[in-house]
Amino acid sequence: MKIKLDNRYLNTGEEKQFLHPIGKRHDGTNIGLPLVGIMGEKPGPVLGITAGVHGDEYEGPEALRLIIDEIDPKELRGGIICTPHANMSALEIHHRSGWIDRLDMNRSFPGKNNGYITERAADIVVKEIIEQSDYFLDLHSAGLSYDLEAYVGFNDTEGKLGEESYELAKAFGVPLLYSSTPFPNVMRLEAHKRNIPAILVESGGEGRCKTDRLSIMKTGISNVMKYLGMIDGELQELPNKYTVIKAPSYGEFLHSPASGYLRGKVGIGEKVKKGDLLGEIVDVFGNKIISITSPLDGIILIVRTIPSIRLGDWAFSIVEITNEGNNQDFVIESHKECVSNETF
Ligand SMILES: [Zn+2]
């Protein structure tokens, strides 16, 4: 178990903040990526955590800061290597993507050390966080224009890696578990390629940091750390029932069929049937342009909450239910191998 930061290994019991250099601006000031490393005094796994990959998502970064504040390196088993804001140029304009190259960071992996600024930041995340991790969490929310029902995405892949991802997802402790396989250019694929169990967490949105959504995020991170044996305590606020969901065949989002003012008729977490009214789009005078109905039976996972909508914008995300209930699939296996690849 070891964590390298700023070209040296952390001592046991050490916590360090470091602005990893990306390059310089016209005026010579540094462009950097903030990293935090914490090395516990006791042996255990290294947990990698990224937040702020999208600059208009705030629950993940704040939950991570609160968790970092609470950790006592003397009591910590293992270590943490993380960034509260992986995408600083996006944070500066409170936008999903950065203002310099406008690239979506979570479609820019594995990154390039000689590419666009977002690709350079992605390359740093891979080398400094993912490659040092035994387990990996990527924290997101719905961003400025959307709200969502909290969920955890796990890698639905064959074998031990998929199983460990699923177990991490259950341990996080939200009822909706999103089954998917990591696709090219997303961050989670980089963890998967390196045999690191990973999950993607989504809680909150609308460009806010709402107390209840922040609490879900913070409790979940803490639950994962307990599950991995890094801190003591029982897992908190576990759901009575889990539901496994997946994207329908047409993709994760229903795109708007028209531009106008969206009058949404459904809320996050609602179950809908095929043909149910999701919303209608009116023009600037209030004349109805079109109704949007559900193409399937499922759950409303994400809704657009900024009413102004353009042709092709994401409007709703409805997901299919693949498994639901209190059955044996949802028992959380006790974790037995929460040790680092390295000896202490
Ligand atoms: Zn995001």
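Small disclaimer: the values here were computed from a predicted structure and weren't measured. (Residues numbered from 1 in each chain as written. Predicted model: local features only at pLDDT ≥ 70, side-chain atom pairs only at ≥ 80, totals over all residues. Heavy atoms only, no water.)

Draft legend 1. Layout of the nonpolar core. I199 and I221 are the most contacted members of the largest nonpolar core, which has 39 residues in total. The greatest single-element share of this core, amounting to 6 residues, is contributed by helix α6 (residues 211-227). Not counting the four nearest positions on each side in its chain, I221 is found in contact with I49, A63, L64, I67, L137, L139 and F172. In this structure, I22, A86, F109 and A122 belong to the second largest nonpolar core, which totals 28 residues. (Core = buried A, V, L, I, M, F, W, Y, C linked by side-chain atoms within 4.5 Å. Buried < 20%, exposed > 50% of the residue type's maximum accessible area, 1.4 Å probe, protein only. Helix = DSSP H or I, 4+ residues; strand = E, 2+ residues; numbered from the N terminus. Contact = heavy atoms within 4.5 Å.)

Draft legend 2. Seen up close, the confidence of the model for the chain. Averaged over all residues, the pLDDT of the chain equals 95, while 97% of them reach at least 70. Contacts of residues 339-344 to residues separated by more than four positions or lying in other chains number 16 contacts, the stretch itself having pLDDT below 50. At the level of chain-chain contacts, confidence expressed as ipTM amounts to 0.99, with global pTM at 0.95. (pLDDT = per-residue confidence, 0-100.)

Draft legend 3. Fine view of the packing of helix α4 (residues 159-172) against α6. Two elements in contact, α4 and α6, have axes whose closest approach is 7 Å; the angle formed by their N-to-C orientations is 130 degrees. Overall, the two elements α4 and α6 adopt an arrangement that is oblique. For the pair α4 and α6, the crossing hand works out as right-handed. Counted together, E167, L168, A171 and F172 of α4 and I216, M217, G220, I221, N223, V224 and Y227 of α6 form the full contact between these two elements. Across the contact of α4 with α6, the residue classes break down as 8 nonpolar, 2 polar and 1 charged. (Axes fitted to C-alpha atoms, helices over the stretch in contact; angles between N-to-C directions. Parallel < 35°, antiparallel > 145°, perpendicular 65-115°, else oblique. Left-handed = near helix turned anticlockwise from the far one by under 90°. Nonpolar A, V, L, I, M, F, W, Y, C, P; charged D, E, K, R; others polar.)

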